[in-house]
Amino acid sequence: MHIYSEKEIREIDHQAEKNGLPVFTLMENAGAGLYKALAGKISKRQTVCIAAGKGNNGGDGIVLARYLLINGYQASIYLPFGPPDESSPAGKHLAYLRACGYNAETEWLHADVLVDALLGTGFHPPLKEEAAGVIRALNEEKAMKVSIDLPSGIQADTGTVNEGFEADFTLCLHGFKPSAFLMPSERYYGETEVVDIGLPQTGNKRVWSGEDAGMTLPAIHSTAHKGTFGTGYLLAGSDTMPGSALLAAKGAIRSGAGKLIIGTSRFAAGAIAGAVPEATYEIDGFYKTAKGKLPDKIKAAAIGPGLEEEDAMERCVKTLLAEEDLPVVLDAGAIQKRKYSKRKIPPILTPHPGEMSRITGLSIEDIQSRRIEAAGQYAKEQHVIVVLKGRHTVMAFPDGDVYVNPTGNAALAKGGSGDSLTGIILAFLCTHSSIKEAVANAVYLHGSTADLWVESGGERSMAASDIPELIPAVMKKLEEKRRRAE
Ligand SMILES: NC(=O)C1=CN([C@@H]2O[C@H](COP(=O)(O)OP(=O)(O)OC[C@H]3O[C@@H](n4cnc5c(N)ncnc54)[C@H](OP(=O)(O)O)[C@@H]3O)[C@@H](O)[C@H]2O)[C@H](O)CC1
Ligand SMILES: [K+]
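Being a predicted model, the structure only gives us computed values, none of them experimental. (Residues numbered from 1 in each chain as written. Chains lettered and ligands numbered in written order. Predicted model: local features only at pLDDT ≥ 70, side-chain atom pairs only at ≥ 80, totals over all residues. Heavy atoms only, no water.)

## Some points on the coordination of the potassium ion (ligand 2)
The protein atoms that coordinate the potassium ion (ligand 2) are Asn57 (OD1), Asp116 (O), Leu119 (O), Ile148 (O) and Leu150 (O), at distances spanning 2.6 to 3.1 Å. The sequence pattern describing where the donors of the potassium ion (ligand 2) fall on their chain is N-x58-D-x2-L-x28-I-x1-L. Here leucine 119, found in the loop between strand E3 (113–117) and helix H5 (129–140), pairs with isoleucine 148, found in strand E4 (residues 144–148); they are 29 residues apart in sequence, far enough to count as distant. When sorted by exposure, leucine 119 lands in the same class as isoleucine 148, which is buried. (Donors = N, O, S within 2.8 Å, 3.2 Å for Na, K, Ca; no water. Helix = DSSP H or I, 4+ residues; strand = E, 2+ residues; numbered from the N terminus. Buried < 20%, exposed > 50% of the residue type's maximum accessible area, 1.4 Å probe, protein only.)

This is the structure we're talking about:
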């Protein structure tokens, strides 16, 4: 499931046209695909009204109407802004629809199903008052509401929205647009489904799906022992924040870390050892690492939960990053503005939007309005892996690949939730051979714990300490997906 910006879609269409596949044909494919997707959701007894604009989004709606009509559905077309230009692809499809003996109206018809084909990727804010009035009126209708490509009134990339069509579901053409993963525009989409229009998937931005997670989760063989997956080194927790080390450690252990060493203060070790008897402890590991000392034979390291930025932090991070082959997660206090040199295994940074703002100098609003782009740019410039947390965590890699996580909900917006994520990533770095898959699967698993929680509990009442407890059930589901993919 790929994600394309408005510019990329325009370029794809341009290339297709240049190579002999005109927009007129893509519109035909879109209409046919939309018909297939919609027919499965409605009955012939329901009336359908398609509100079509003057651009190509409207054209898709006109083709959909033809497929519905020739297959015996009760469909009508409403053209609130008048018909599209006769020479445009949409205008030609309207002419063909009329030649088939059907009509399009400029008057509004009430219907059971309302299809929004007013504006698509070609919409540029601010919304004209005439269009805002139409969208407002459509929103008031009591009908099943379906948007084509994206809800009208939403800017495809930034999600800027003033008046937007409130869809129950959106049939996205060729791929998602970034606004499907931004707040508040995501709410206008309702449920989403991607409709194939016959173009190859070319982009490097995509959703990391449950199927991806199932296919890439490593199998555990019956011959596995505690040393099979290597040792994770967690530098976390301080006298004032011992709980952070606990949450990260439990996340790591429940995610399959064979062996875990926790580098923490003597007080924090005493406070958490009873709750994490599986781990061994490196007392004052943080200061030892700052002096260049690391435990032997560690497979991956994570630093930051419950640690403050201080002088020793830079030396500590330097020691870890000097080990070219060591996957390193930098979280919380370890996320600071610094320059990274190219490394065999890129460091993994897990900022929330506030931390991302601190290290990039961009405002939080700017980051949040273009999360995919902001994370992608920093990952490329600094040769790092960015895990930009928040609703739909974005994972950006230095080679330009970007994955968006579909799992999770507001239950995760709690202190300590990120600590568990760091632990899960650490464990997955030990158990996966691909760094990308380790990061993507960890983020997917972390979000899934919250999805499982809301099946029986309220978002408000989930605590970060529930995350490790929910991991076994989520892991079981993932393992079933993996077995099915085998
Ligand atoms: N490869 C693909 O995915 C394909 C997708 N298709 C569909 O094409 C649209 C994009 O079509 P485009 O013609 O570029 O643009 P739209 O139809 O989305 O919008 C153009 C109309 O919108 C009006 N507009 C623009 N801004 C505003 C505004 N601020 N207020 C009101 N109206 C606005 C514009 O009117 P103007 O008077 O400004 O010209 C146009 O009427 C994509 O979303 C898919 O649905 C292709 O069909 C196939 C390939
Ligand atoms: K639309």
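Next comes the rest of the account.
## Structural notes on the sheet that holds strand E5 (residues 169–173)
Sheet strands pair by backbone hydrogen bonding; their relative direction is either parallel or antiparallel. The strand order across the open sheet built from six strands is E2-E1-E3-E4-E5-E6, with neighbouring strands paired in parallel fashion. Of all strands in the sheet, those bounded by a partner on one side alone are strand E2 (74–78) and strand E6 (191–195). When strand polarity is set aside, the average angle formed by the axes of neighbouring strands in this sheet is 20°. As judged from the three bridges shared by E4 and E5, these two strands associate in the parallel manner. Along E5, the bridge assignment pairs serine 147 with threonine 170. (Pairing = 2+ DSSP bridges. Axes fitted to C-alpha atoms, helices over the stretch in contact; angles between N-to-C directions.)

## Points about the domain arrangement of the protein
When cut into domains, the protein gives domain 1 (6–203) and domain 2 (210–485). The gap between the C-alpha centroids of domain 1 and domain 2 is 40 Å. On the domain 2 side, the residues contacting the eight residues of domain 1 number seven residues. Between domain 1 and domain 2 lies a buried interface of about 560 Å² when both sides are counted; carbon and sulfur atoms form 63% of it. If you look at where domain 1 meets domain 2, you find one salt bridge. For glutamate 186, the salt bridge identified is with arginine 391, shortest N-O distance 2.8 Å. In this assembly, domain 1 and domain 2 are joined by two residue pairs in polar contact (both at pLDDT 80 or more). Within the side of domain 1 that touches domain 2, the residues separate by chemical class into five nonpolar, one polar and two charged. (Domains from an automatic or database assignment. Contact = heavy atoms within 4.5 Å. Buried area = accessible area lost by both parts, 1.4 Å probe. Salt bridge = Lys/Arg side-chain N within 4 Å of Asp/Glu carboxyl O. Polar contact = N/O pair within 3.5 Å; in protein donor to acceptor, adjacent residues only side chain to side chain. Nonpolar A, V, L, I, M, F, W, Y, C, P; charged D, E, K, R; others polar.)

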